[in-house]
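Descriptive analysis of the structure
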Amino acid sequence: MIEVKDIVKIYQTGSVGFKALSGVSFKINDGDQYSEKVIDVLKVVSVNDALEAHVIAATGNEDTNIIIDVLAGATDVDTNDTLSILDDHQLIVGKYG
């Protein structure tokens, strides 16, 4: 959406994933005469916002399978992105108690 808020500024407001090619034409007046028509172009390019991964913990009894959904703690504001796990991972096994 393009909005004229005052005499010298034009604002364009976007949202997540917003991209646009907009143009506005105008003439400037000095109180006596008008300038030639000017066309300004504004190009907004969307960017891939960083995702967030949060720590997921699980507990269970010995000799049972414990399944951790590691993507359950991940969020991404770019809703069209598919989240996946990189093969470059490290398994850390430790003892408790």
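Refer to the preceding data block for the structure.
These remarks concern the structure in this document. Here the structure is a predicted model, which is why all the values come from computation and not from measurement.

**Observations regarding the overall build of the protein chain**
Within the protein chain, the regular secondary structure consists of zero helices and six strands. What you see in the protein chain, going N to C, is helices and strands ordered as β-β-β-β-β-β. A total of 97 residues make up the protein chain; the buried ones form 5% of that total. Long-range contacts, defined here as pairs at least 24 residues apart, represent 24% of the contacts in the protein chain between residues at least 6 apart. Accessible surface, the protein chain as shown: approximately 9400 Å² in total, 53% of it carbon and sulfur.

**Quick look at the environment of Ala-53**
Here Ala-53 lies in strand 5 (residues 52-53). Exposure remark for Ala-53: the relative accessible area of 64% places this residue in the exposed category. Separated by 23 residues in the primary sequence, Ala-53 and Asp-76 have C-alpha atoms spaced 8.9 Å apart. Once you skip the residues sitting within four places of it in the chain, Ala-53 turns out to touch Gly-73 and Ala-74.

**A short note on the environment of Glu-36**
As for its position among the elements, Glu-36 is in the loop between strand 3 (20-26) and strand 4 (38-44). According to the relative accessible area criterion, Glu-36 is exposed, its value standing at 69%. A C-alpha to C-alpha distance of 8.5 Å links Glu-36 and Phe-26, two positions ten residues apart in sequence. Residue contacts for Glu-36: discarding those within four places in its chain leaves Phe-26 and Lys-27.

Definitions and limits used
- Residues numbered from 1 in each chain as written.
- Predicted model: local features only at pLDDT ≥ 70, side-chain atom pairs only at ≥ 80, totals over all residues.
- Heavy atoms only, no water.
- Helix = DSSP H or I, 4+ residues; strand = E, 2+ residues; numbered from the N terminus.
- Buried < 20%, exposed > 50% of the residue type's maximum accessible area, 1.4 Å probe, protein only.
- Contact = heavy atoms within 4.5 Å.
- Areas by Shrake-Rupley, 256 points an atom, 1.4 Å probe, with all protein chains shown as cover.

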